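# Structural features, examined
Each chain, letter by letter, is given below.
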Amino acid sequence: MTIAYRNITKTFPDGTTALDRFDLAFEPGEFVVLLGPSGCGKSTACRILAGLETPTSGSVEVGGVDITHTPPRARGMSMVFQSYALYPHKTVFENIAYPLQVRRTPRPEIDRAVKEMAAMLQIERLLARRPRQLSGGEAQRVAVARALVWRPQICLMDEPLSNLDALLRLKTRIELKRLHAELQKTFVFVTHDQEEALSLGTRIAVLNRGAIVQFGTPHEIYHQPATRFVAEFIGKPAANTIEGRIEGEEFRAGELVVSLAGRHPAALVVDGPVVLGIRPEAVEVHGEPEPGTVAMTVQVVDPVPPDTILSLICGTVTLLARLQRLPDGVRAGSIVHVRFPEAALMWFAAEGGKRLD
Amino acid sequence: MGPRRRLTHRVVEESVRVSHRPPQRRLLRLAARLGEVLADRGMGPAFLLPAVLLLFIILVGPFFYTIFLGFTDLSYSTPGHDGNFVGLANYRRLLADDPVFWHSVATTLRFVASSVSIEMVLGFGLALVLAAQVRRPRAVMPLLLVPMMLAPVAVGLLWKLVLQGEFGMVSYYLRKLGLIAEDTSLLGDSHLALATMVMVDIWQWTPFVTLVSLAGLLGLPRPPFEAAMMDGAGRVRIFFDITLPLMRPLLAMVLLLRTIDAFKEFDKVFLMTGGGPGISTELLSIYVYRVNFRNWDLGYGAVCAFMVYLVVLILCKLFYNALGQAGGSKPT
Amino acid sequence: MSRGWRGAGKAVVLAAIVIGLVPYLWMFLTSFKSRVDALADTPRWVFSPTLEPYREVFLHKDYLPLVWNSVIIAVGSTILSLVLGVPAAYAFARLSFKRKEDLFFFFLTTRMAPAISVVVPMFVLFNHLGLVDTRSAVIFAHSTFNLSLVVWMMRGFFADIPAEIDEAAMLDGHTRAGAFLRVILPLTAPGVAATAVLCFILSWNEFLYAFILAAFESRTLTVGIPGLVTPHGTLWGQVAAVAVVATLPILLFTALVQKHLVRGLTFGAVKG
């Protein structure tokens, strides 16, 4: 029952290409996240799976069956919209009941299912209200309830948390994880928030400009980014990337010189332009000079309790470092001594950004 | 000193410099201050009063005058009836002694019911077709609007021309298609005239219903429709469960608007048949016209006119409520 | 969507357009027909056109002044309604005061007031004042509905502009009235234009008030139409010519105002 996008291309009448040879497959029961910046095509991919858009070329399959031209109502999928899309003229109860009503479920069964769903999402007291009387968070839960009440095999969610405030977003995220575990259905979740993606997904598909850049578990995406783009998109703050050249045993980027004595992997292009990547939390910052460190000046000290983020500069190169403990006396303007541990280094091609190591 | 006061202060300083006379200074400053206050706080009354005043003089005054007239026997055609007070005589005559008035009421009700109901169905249906089947419906609308933009009198003239017994274009083709008999005159037959009038009204005003319905349909939010598709609903289901309920407030408002206007119908009927043949097409407004401006029975005519006003006023209140439901320009 | 249905839909729309336009087209053609062509037994779609009806009615029958009357009255009524109505609309949009809703409803009733009910006392009053058969009488009469149209329509346009812009203008040094005149009004210029055109159209097309209050010297084109339709024979070419002149300009104006037509006709309920 694999769900698959096979070589999907989607161009719109105005000429924009939303998806370009988009190819993705996943198994039922997964919580798949489509992650990417705005305009990357993630919403379009979701809508094509739903049947609300048809691809210009390529096909969509479920369990080997081509469903590219099947109407939405015959696909066994439901959707939670970013704007919730509740029926303004129906009560909350009627909203949630609608998919069951359409499928001619008997009245007592509808009653039971709606109440059960409402209890699961803690919105029982809202059942008699109308959408315009609900807050954002409440409306969102109603939308989720409506999407899950008839137990579809696949539930699609198009940026459902984007319109909620930060606190609510966090709370609802946890609820969605719980629901997924309880109902054991396939969830496909679209978001631009990488933190959300890492938290929710069993596997994450990172998109850029209509194509999948990497598809893997949160761990893989975080620790083994396939391209520079992924490294720069994931993380809070995201990974540092420094453009420079390898010359002999050194990596040079302007005034910044990192000694590579006996360290670089064989696949690296020797003596050529390359991009060095390192995550802020992997950067070691010392107050005193130590062997293998480079001197850098602190520009900004940004406290994010319990950690501290330092914005460092050396010549034209800027870096972010995330420290659990700030060395004594370090303030804006101080000189610190930075080491880039070998194990945390990531190397990307100067052209195209593909991971080299 | 705030920016506003700086402005007026400068104006005052200028005028003072020009005037050269110290005693004037205080007066000018006062005048400037007064102007400023008026321009600020006096805005409400100053802006509203002229309009309200004009309407009071043109409408409200005459309205009360109508009520007053209704208690007199004023008539330009009967000597001695110069407006003497006659109490409720006119009202008694209306309620007990004027079958023609009540006939015109019945005729008007039949006219309104038939034309408005058919216009709503045809107009909304056409809007649905436009919204669903035509790529750029708004580009097509101007072509459809012509009938409703013509002066109603001209509409009457137009149809009188094409429905002429002998050489009217439409009568000719209707006869050729076998839809009417050789010797029927649509406007000259007391059994057919009112139906013909209804048909002309439908021709004239269906575009209005189409125009407004289309605007409403195109303004409906998309997400609930997509949600319904995901929830499993087919096209027919979506129409009855989503489209119609969401369109209901607007359709109610259009219905009331057409009802009020159809109730007041005068121009084209006046020109086409003048109320005839006999009184088969004598709508209320035509009857009131006849009483007031043919018979010049102005006292009694005022009562008739007042009755029409009353009905419209009630419909107006209903319309105002429907407008609020449909999201109209009600003050917040 | 299946091809068949699409075709049927387009056919329906086409039929509606044809049904709407053909009768008007016929009248238009009739206005260029000689008497023989106009009264022919079988409808003549092909004929040799002549300007005779136009010449006859506008020059020989002296109907040209009617056009002038229509213009004066329509323009006059529009200006009067705008000058009084626009500020009133602004007040409704920006201020809140007691009974605001009731006052707004009052404006609605004036727009809906049945002409036949209003014109009776109006006629008697104007008769006393010696204003019968003057253009001013009709201008005032038309302001009953035009003034309210302006208030309702402009209120919507003003409400569309956020109040913050007024406030910014006042912080920049304007008085409230100044903010209105110098900042807000220019912003709503397209709305004012559309409202003005709609007022013109409604006044131009109006019949009853003009008929009762100005039946001779100050008659408008619309009033002139029934005069040519008599029981003992109507000169169809000529009366069609009058009707064409009475309607064609309006059709052109409609194209100008089409965008705001829906808003004006539905009292702002639908923005179109």
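Values in this document were obtained by computation on a predicted structure and should not be read as measured data.

A tally of helices and strands in chain C yields 13 helices and 0 strands. Listed by position from the N terminus, the elements making up chain C come as α-α-α-α-α-α-α-α-α-α-α-α-α. Considering chain C as a whole, with its 272 residues, one finds that 50% of them fall into the buried category. Taking contacts inside chain C between residues at least 6 apart in sequence as the whole, the part at least 24 apart equals 75%.

Looking only at helices and strands, one finds 8 helices and 20 strands in chain A. Counting over 357 residues, chain A shows a buried share of 38%. At a minimum sequence separation of 6, the contacts of chain A that also span at least 24 residues come to 65%.

This part covers the pairing of strand 4 (residues 57–62) of chain A. Residue and element names in this part refer to chain A. Note: strand 1 (residues 3–11) against strand 4, 5 bridges, orientation antiparallel. The residue bridging Thr 9 from the neighbouring strand is Ser 57, located in strand 4. By the bridge criterion, 2 bridges tie strand 4 to strand 5 (residues 65–66) in an arrangement that is antiparallel. Paired with Val 62 across the strands is Val 65, a residue of strand 5. The antiparallel pairing of strand 4 with strand 5 creates a hairpin that spans 2 residues between the two strands, and Gly 63 there sits at a positive phi of about 60 degrees.

This next bit is on the sheet that holds strand 10 (residues 211–216) of chain A. Residues and elements named next belong to chain A. Taken together, the 6 strands give an open sheet; going across it, the order is 6-7-8-3-9-10, and neighbouring strands pair in mixed fashion. With one partner strand each, in any of the chains shown, strand 6 (77–80) and strand 10 form the two edges of the open sheet. Between one strand and the next, the sheet's axes are offset by a mean angle of 20 degrees, whatever the strand orientation. Two elements, strand 3 (residues 31–35) and strand 8 (residues 186–191), share 5 bridges in a ladder whose sense is parallel. Bridge pairing in strand 8 links Val 33 to Phe 189.

Tallying the contact residues gives 15 residues for chain A and 14 residues for chain B. Elements that contribute at least two residues to the side of chain A that touches chain B include exactly strand 6 and helix 2 (92–102) of chain A.

This part is about the interface of chain C and chain B. Each side of the interface is counted separately: chain C has 87 residues, and chain B has 86 residues. Looking at the side of chain C that touches chain B residue by residue, the class counts come to 58 nonpolar, 22 polar and 7 charged.

In this section: the nonpolar core. One broad rule of soluble globular proteins: the nonpolar side chains tend to lie buried together. Within the largest apolar cluster, 172 residues are counted, with the highest numbers of intra-cluster contacts made by Val119(C), Leu213(C) and Ala243(C). In contact with Leu213(C), not counting residues within four places along its chain, are Val119(C), Met122(C), Phe123(C), Phe126(C), Val132(C), Ala137(C), Val138(C) and Ala141(C).

All names here are of chain A. Here Lys 185 lies in the loop between helix 5 (166–183) and strand 8. What makes Lys 185 partly exposed here is the crowd of 18 C-beta atoms within 10 Å. Residues Lys 185 and Pro 152, 33 residues apart in the sequence, show an inter-C-alpha distance of 7.6 Å. The residues contacting Lys 185, other than those within four sequence positions of it, are Pro 152, Gln 153, Ile 154 and Cys 155.

In this section: the environment of Leu59(B). For Leu59(B), the location among the structural elements is in helix 3 (residues 43–69). The spacing of Leu59(B) and Gln164(B) is 105 residues in sequence and 39 Å in space, taken between C-alpha atoms. Sequence-distant contacts of Leu59(B), defined by excluding residues within four places in its chain, comprise Thr110(C), Ala113(C), Val118(C) and Thr144(C).

Note that the residue after Pro305(A), namely Pro306(A), is joined by a cis bond; omega there is 10 degrees. Between Gly276(B) and the following residue, Pro277(B), the backbone shows a cis peptide bond with an omega angle of 0 degrees. Secondary-structure assignment places Pro277(B) in the loop between helix 12 (267–272) and helix 13 (284–293). Phi angles above zero are rare outside glycine, and Arg21(A) is one such case at about 50 degrees. Position of Arg21(A) among the secondary structure elements: in strand 2 (residues 17–26).

Quick look at the confidence of the model for chain C now. Residues and elements named next belong to chain C. Looking at chain C as a whole, its pLDDT mean stands at 88, while 98% of the residues score no less than 70. When the elements of chain C are averaged for pLDDT, helix 2 (residues 35–38) gives the smallest value, 82, and helix 4 (residues 64–94) the largest, 94. Of the two predicted TM-score estimates for the complex, the pTM is 0.84 and the ipTM is 0.90.

Here we take up the pairing of strand 18 (residues 317–323) of chain A. All names here are of chain A. For strand 17 (residues 307–314) and strand 18, the ladder comprises 7 bridges, and the chain directions are antiparallel. Bridge assignment links Thr 308 to a residue of strand 18, and that residue is Leu 323. Between strand 17 and strand 18, which pair antiparallel one after the other, the connecting turn spans 2 residues, and Gly 315 there sits at a positive phi close to 70 degrees.

Contact analysis covers 2 pairs of chains in contact, and the most contacts occur between chains B and C. Over all C-alpha pairs, chain A and chain C never come within contact, reaching a minimum spacing of 12 Å.

Attention shifts here to the sheet that holds strand 20 (residues 346–349) of chain A. Residue and element names in this part refer to chain A. In spatial order, the strands read 13-12-11-14-20; together these 5 strands make up an open sheet with antiparallel pairing. This sheet does not close on itself; its edge strands, each paired only once, are strand 13 (256–259) and strand 20. Each adjacent strand pair in this sheet contributes to an overall mean axis angle of 35 degrees, direction not counted. Both strand 11 (residues 240–247) and strand 14 (residues 273–278) contribute to a ladder of 6 bridges, which runs antiparallel.

For the rest of this paragraph, the subject is the packing of helix 7 (residues 152–162) of chain B against helix 13 (residues 236–265) of chain C. Two elements in contact, helix 7 of chain B and helix 13 of chain C, have axes separated by 10 Å at closest approach and are oriented at 145 degrees. When the axes of helix 7 of chain B and helix 13 of chain C are compared, the crossing they make is left-handed. The segment helix 7 of chain B lies against helix 13 of chain C, with Ala154(B), Leu157(B), Leu158(B) and Leu161(B) engaging Trp236(C), Val239(C), Ala240(C), Ala243(C), Ala246(C) and Thr247(C). The residue inventory of the contact of helix 7 of chain B with helix 13 of chain C, partitioned by class, reads 9 nonpolar, 1 polar and no charged.

Residues and elements named next belong to chain C. Axis separation between helix 5 (residues 100–112) and helix 7 (residues 135–160) bottoms out at 7 Å; the angle between their running directions is 135 degrees. With respect to each other, helix 5 and helix 7 are oriented oblique. The crossing of helix 5 and helix 7 is left-handed. Here Phe 107, Leu 108, Thr 110 and Arg 111 of helix 5 come into contact with helix 7, specifically with Thr 144, Phe 145, Ser 148, Leu 149, Val 151 and Trp 152. Grouping the constituent residues of the contact of helix 5 with helix 7 by class yields 6 nonpolar, 3 polar and 1 charged.

What follows concerns the environment of Trp205(B). Residues and elements named next belong to chain B. Structurally, the position occupied by Trp 205 is in helix 9 (residues 193–218). A sequence separation of 101 residues divides Trp 205 from Ser 104, and the C-alpha atoms of the two residues are 22 Å apart. Aside from chain neighbours lying at most four places away, what touches Trp 205 is Glu 119, Met 148 and Arg 258.

An α-helical turn contains 3.6 residues, so any two residues separated by three or four positions project in the same direction. In terms of burial, helix 1 (residues 42–50) of chain A is largely enclosed, as 8 of its 9 residues are buried. Immediately downstream of helix 1 of chain A, the backbone of Gly51(A) shows phi near 100 degrees, a positive value.

What counts and what doesn't
- Residues numbered from 1 in each chain as written.
- Chains lettered and ligands numbered in written order.
- Predicted model: local features only at pLDDT ≥ 70, side-chain atom pairs only at ≥ 80, totals over all residues.
- Helix = DSSP H or I, 4+ residues; strand = E, 2+ residues; numbered from the N terminus.
- Buried ≥ 20, exposed ≤ 12 C-beta atoms within 10 Å, placed from the backbone.
- Contact = placed C-beta atoms within 7 Å.
- Pairing = 2+ DSSP bridges.
- Axes fitted to C-alpha atoms, helices over the stretch in contact; angles between N-to-C directions.
- Nonpolar A, V, L, I, M, F, W, Y, C, P; charged D, E, K, R; others polar.
- Core = buried A, V, L, I, M, F, W, Y, C linked by C-beta atoms within 7 Å.
- pLDDT = per-residue confidence, 0-100.
- Left-handed = near helix turned anticlockwise from the far one by under 90°.
- Parallel < 35°, antiparallel > 145°, perpendicular 65-115°, else oblique.

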